[in-house]
Amino acid sequence: MPDATHSRPATTAQYDVIIIGAGFAGLYQLHRLRAMGMTAKVIEAGSGVGGTWYWNRYPGARCDVESMQYSYAFSEELQQEWQWPELFSAQPDILKYANHVADRLDLRRDILFDTRVSETRFDEAASQWTVRTDLGDVFNAGFMIMATGCLSAARVPDFKGLSSFKGKTYHTGAWPHEGVDFTGSRVGIIGTGSSAIQAIPVIAEQAADLTVFQRTPNFSIPSRNAPLEQSYARQWKDKYAELRAQARNTRNGVLANPNDFSALSVSPEERKRIYEERWASGGTTFMASFNDLIFNQEANDTAAEFVRGKIREIVKDPKTAELLAPKDHPIGTKRICVDTRYFETYNRPNVHLVDVRSAPIEEITPTGLHTREADYEFDAIVFATGFDAMTGALTAIDIHSTDGSTLKAKWEDGPRTYLGLMCAHFPNMFMVTGPGSPSVLSNMHVSIEQDVNWITDCLAYLRNHRVARIEATQEAEDNWVLHGIEVANKTLYPKAASWYMGANIEGKPRVFMPYIGGVNAYKEKCAEIAANGYTGYRLTGPSRVAQAAE
Ligand code: NA7
């Protein structure tokens, strides 16, 4: 049904491909399809490009992958000409980059902004998708590519009394574009994940008073962010192609200078020296201190204890330090955070930590919130409560399958895909960085380019072989799901109640969603499957292009 706030006439059109989402995945996918001579339209809910980086404008928002590695690698020109100001880029700079790419490649003319896809159905006879939007548009396309992002469905828990609060509320993942001035305000922030850990030090400097409601403490490593030195950028640019290729051959798609030996193979003094060195250089590469931190509990304990020791050194109040020291999960099995003066912030007199594990939030009240133990009054509440990760943006669309079901129903017990790229009973629907692919466990740019390149090559193959329809077989999907569980169970990751496991959402099935076999192994597997004529996919029917020519 058309929306009442309909701001433009609804359209009906036919394309070769519909792409949903204009983040880094959607932008690159459009560019590749155009180069193939295919007609494509991108549908985007936001008013601009950038996806995650368009929405997540909270204070302190910053990437945890170094700037020189967090960008497209497909164009030598692009990567040579762009200048990053900082070692780790802030959200406004990443958004500027996304806009630069969109302009440079003239992508905007094929993007429909401010439009949300509501329903899609596959027409068996025509072998095409019908895509409907909230503004009443109807698009038909042979193929549909979901570039909907892994962390794009922002979520506020279903707190009792949520709408009764008289002050202002914000979610970090849907931050007002004009920014928020907290000067003189009493602010409450719920959550201590990556977003909160970045936002808290910045909000604390502005607000009169900041109260942090923590359910689970997180491990965080100082970023040591700094202005990007030109000599460092030069080192990258001089060998960009070579370094990018090396990154694609790592587990995470990031060059992290890993030590290829066990934490247990060195003396305690040597181990400490290595951790100190990594702590001093900063960032997520702390987890590359040794090669067994995500596989071996005893090895992991040494890293976890080192970081807990740092927290106890930094935070002056011992009770607060103890609350901030994570003990319920192995380090790195929840997304490790990267911060700028996060733990130091708790030494400020205007910052207070409340443990909502022992006394949960029971209700949001007109003046603040109420935990099992106390009442709190605020002018503003910030929800840093995360996302319906990996599946939320996909299941929010009513995607109908060919067997009379929907994607949401199919994934009721957890997402099931073949390579994270396609699902059985959803022909001609591709996902970029879908569940079952390395996605959020990797440098997203590396995984996005991998998937977009694979999808593009696949579409070229289908066109060249006059194939109208491609679909993952049930058997291939089942085997991939089993393989995903098998590799995850070889690591410590399933031990944590993380959003990788769907554990941040009540009622969401606990399934480890990303593929942890590594970007390198995944790339090889995808290449092999394509080289063998798309093993595990059923390819049928002459393409409409071919039919028309006959
Ligand atoms: P996260 O990492 O999912 O963090 C959400 C936080 O909110 C986390 O600390 C949660 O505690 C907390 N939370 C969620 N629901 C509640 C309730 N009901 N009560 C109290 N606390 C709650 O999201 P982020 O936005 O920080 O980061 C997401 C990713 O974006 C990040 O990993 C990077 O990849 C970029 P919990 O841990 O569930 O106990």
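Residues numbered from 1 in each chain as written. Predicted model: local features only at pLDDT ≥ 70, side-chain atom pairs only at ≥ 80, totals over all residues. Heavy atoms only, no water.

Asker: I'd love a proper account of the pairing of strand E8 (residues 186-190), names of residues and values included.
Answerer: Counted residue by residue, E8 has four buried out of five residues, so it is predominantly covered. Assessed by its sense of winding, the connection that carries the chain from E8 through helix H5 (residues 194-206) to strand E9 (residues 209-214) is right-handed. Sheet analysis places E8 next to strand E16 (residues 380-383), joined by four bridges and oriented parallel. Pairing of isoleucine 190 across the sheet is with phenylalanine 383, part of E16. (Buried < 20%, exposed > 50% of the residue type's maximum accessible area, 1.4 Å probe, protein only. Helix = DSSP H or I, 4+ residues; strand = E, 2+ residues; numbered from the N terminus. Right-handed = clockwise from strand over helix to strand, strands pointing away. Pairing = 2+ DSSP bridges.)

Asker: How would you sum up the sheet that holds strand E12 (residues 351-355)? Please name residues and give values.
Answerer: Here five strands make up an open sheet; going across it, the order is E7-E16-E8-E9-E12 and the pairing parallel. Sheet topology places strand E7 (168-171) and E12 at the edges, where each strand pairs with a single neighbour. Mean inter-strand twist for the sheet, computed between neighbouring axes without regard to direction, equals 20°. Relative to the sheet, H5 contacts E8, E9, E12 and E16, its axis offset from that of E9 by approximately 160°. (Axes fitted to C-alpha atoms, helices over the stretch in contact; angles between N-to-C directions. Contact = heavy atoms within 4.5 Å.)

Asker: So what about the domain arrangement of the protein chain? Which residues, and what values?
Answerer: On domain assignment, one finds that the protein chain holds domain 1 (12-153 + 389-549) and domain 2 (162-230 + 251-383). Between the C-alpha centres of domain 1 and domain 2 there is a distance of 30 Å. Every contact between the two is made by 40 residues of domain 1 and, on the other side, 40 residues of domain 2. Each partner contributes to the roughly 3,300 Å² buried at the junction of domain 1 and domain 2, and carbon and sulfur atoms together form 52% of this total. In terms of surface lost to domain 2, no three residues of domain 1 exceed Tyr58, Asp64 and Leu492, which account for 21% of the buried area on that side. Viewed at the interface, domain 2 and domain 1 are joined by one salt bridge. Of the charged contacts in the structure, one is a salt bridge between arginine 335 and aspartate 64, with a shortest N-O distance of 3.0 Å. Elements represented by at least two residues in the side of domain 1 that touches domain 2 include exactly helix H2 (52-55) and helix H16 (519-531). Of the residues contributing to the side of domain 1 that touches domain 2, the split by class is 22 nonpolar, twelve polar and six charged. (Domains from an automatic or database assignment. Buried area = accessible area lost by both parts, 1.4 Å probe. Salt bridge = Lys/Arg side-chain N within 4 Å of Asp/Glu carboxyl O. Nonpolar A, V, L, I, M, F, W, Y, C, P; charged D, E, K, R; others polar.)

Asker: Could you give an account of the packing of aromatic side chains, naming the residues involved and the relevant values?
Answerer: Inspection of every chain in the model, using the stated rule, returns 43 aromatic pairs. One aromatic cluster is present, built from ring pairs that chain together Phe24, Tyr28, Trp53, Tyr70, Tyr72, Phe74, Trp82, Trp84 and Tyr97. The ring centre of tyrosine 54 lies 4.8 Å from the NZ or CZ of arginine 57, which sits over that ring. (Phe/Tyr/Trp six-rings, centres within 6.5 Å; stacked < 30°, edge-to-face > 60°. Lys NZ or Arg CZ within 6 Å of the ring centre and 35° of its normal.)

Asker: Which residues make up the site of the ligand, and what values go with them?
Answerer: Neighbouring residues of the ligand: 20 residues in total, closest Thr192, Ser195, Arg215, Thr216 and Lys334. The separation between an oxygen atom of the ligand and a polar side-chain atom of threonine 216 is 2.4 Å. Side-chain polar atom of tryptophan 499 to an oxygen atom of the ligand: 3.2 Å apart, as the coordinates give it. Protein contacts shield 88% of the accessible area of the ligand, which totals 780 Å² for the unbound molecule. (Near = heavy atom within 4 Å. Polar contact = N/O pair within 3.5 Å; in protein donor to acceptor, adjacent residues only side chain to side chain. Areas by Shrake-Rupley, 256 points an atom, 1.4 Å probe, with all protein chains shown as cover.)

Asker: So, the sheet that holds strand E15 (residues 375-377): which residues are in play, and what are the values?
Answerer: A sheet is described by the order of its strands in space; here three strands give the open sequence E13-E14-E15, paired in antiparallel fashion. Strand pairing shows two members of the sheet lacking a second neighbour, strand E13 (361-365) and E15, which therefore form its edges. Averaged over all neighbouring strand pairs, the angle between strand axes comes to 20°, with direction disregarded. Here four bridges tie E13 to strand E14 (residues 368-371), and the two strands are oriented antiparallel to one another.

Asker: Describe the side chain of threonine 345, with residues and values.
Answerer: Among the secondary structure elements, threonine 345 is positioned in helix H11 (residues 342-345). By relative accessible area, which is 5% here, threonine 345 ends up buried. Other than its neighbours up to four places away in sequence, threonine 345 contacts Ile200, Pro201, Ala204 and Val351.

Asker: Pulling in residues and values, what's your account of the environment of glutamine 29?
Answerer: One can find glutamine 29 in helix H1 (residues 24-35). With 480 residues separating them along the chain, glutamine 29 and proline 509 place their C-alpha atoms 31 Å apart. If we skip the residues at most four places from it in the chain, glutamine 29 touches Ile19, Ile145, Val432, Val452, Ile455 and Thr456.

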